[in-house]
Amino acid sequence: MTEITRFVALAFDFGDGGLVAGEAINCATPAAAVETAQGQWKLFGHAGAVAFSNTSDFGRGKYGEKHVLRRFGQVPAEYA
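Residues numbered from 1 in each chain as written. Predicted model: local features only at pLDDT ≥ 70, side-chain atom pairs only at ≥ 80, totals over all residues. Heavy atoms only, no water.

Student: Explanation requested: the overall build of the protein in the structure shown.
Tutor: Looking only at helices and strands, the protein has one helix and five strands in total. Listing every helix and strand of the protein by position from the N terminus yields β-β-β-α-β-β. Taken along the three principal axes of its C-alpha coordinates, the protein extends 40 × 25 × 20 Å. Here the protein, with 80 residues, has 32% of them falling under the buried criterion. In the protein, of all internal contacts separated by at least 6 residues, the share reaching a separation of at least 24 is 52%. Of the roughly 5100 Å² of accessible surface on the protein, 51% is carried by carbon and sulfur atoms. Placing the 7 positive and 8 negative side-chain charges of the protein at their respective mean positions leaves the two points 6 Å apart. (Helix = DSSP H or I, 4+ residues; strand = E, 2+ residues; numbered from the N terminus. Buried < 20%, exposed > 50% of the residue type's maximum accessible area, 1.4 Å probe, protein only. Contact = heavy atoms within 4.5 Å. Areas by Shrake-Rupley, 256 points an atom, 1.4 Å probe, with all protein chains shown as cover. Lys, Arg positive; Asp, Glu negative; His and termini not counted. Charge placed at Lys NZ, Arg CZ, Asp CG, Glu CD.)

As structure tokens, this is what we get:
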């Protein structure tokens, strides 16, 4: 098995009639993803941000669902 878990922080801004995702930031740990998402929201003034993890098994071609670690501000319903 070749499972890889990645931790991601993703910020959102208002645009095109709704929330638009920015560039995803890969992080080394869950705590780093949460801190990065909070910083994107609080320090950089994005409408919202989310920290999530995703585990994938490349050997079997299986990609797991997102597991939301923390939400800040306004984020799309799929991260609620």
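Picking up after the structure, the text goes on.
Student: I'm lost on the side chain of N54 in this one. Help?
Tutor: Mapping N54 onto the fold places it in strand 4 (residues 48-57). Among all residues touching N54, those that are not within four sequence positions of it are I4, T5, R6, G64 and E65.

Student: I tried to follow the side chain of Q40 on my own but got confused; where do I start?
Tutor: One can find Q40 in helix 1 (residues 30-42). On the basis of relative accessibility, which here comes to 15%, the residue Q40 falls in the buried class. Those residues in contact with Q40 that sit more than four places away from it in its chain are A11, I25, G45, H46 and A49.

Student: Whenever I open this one, the nonpolar core confuses me. Can you help?
Tutor: Nonpolar side chains tend to gather and get buried jointly when the protein is soluble and globular. Among the nonpolar cores identified, the biggest contains ten residues, and these are F7, A9, A11, C27, A33, V34, A37, A49, A51 and F72. The set of elements that each furnish at least two residues to this core consists of strand 1 (3-15), helix 1 and strand 4. Setting aside residues up to four positions removed in sequence, V34 forms contacts with A51, L69, R70 and F72. Residues V8, L10, F12 and V75 belong to the second largest nonpolar core, which totals seven residues. (Core = buried A, V, L, I, M, F, W, Y, C linked by side-chain atoms within 4.5 Å.)

Student: Mind showing me how you'd approach the pairing of strand 2 (residues 18-21) here?
Tutor: Working note: regular strand, side chains alternate between the two faces of the sheet. Relative to strand 2, strand 1 runs antiparallel, the two sharing four bridges. Looking at the pairing, G15 lines up with G18 of strand 2. Here strand 1 hands over to strand 2 after two residues, with D16 in that stretch at a positive phi of 55°. (Pairing = 2+ DSSP bridges.)

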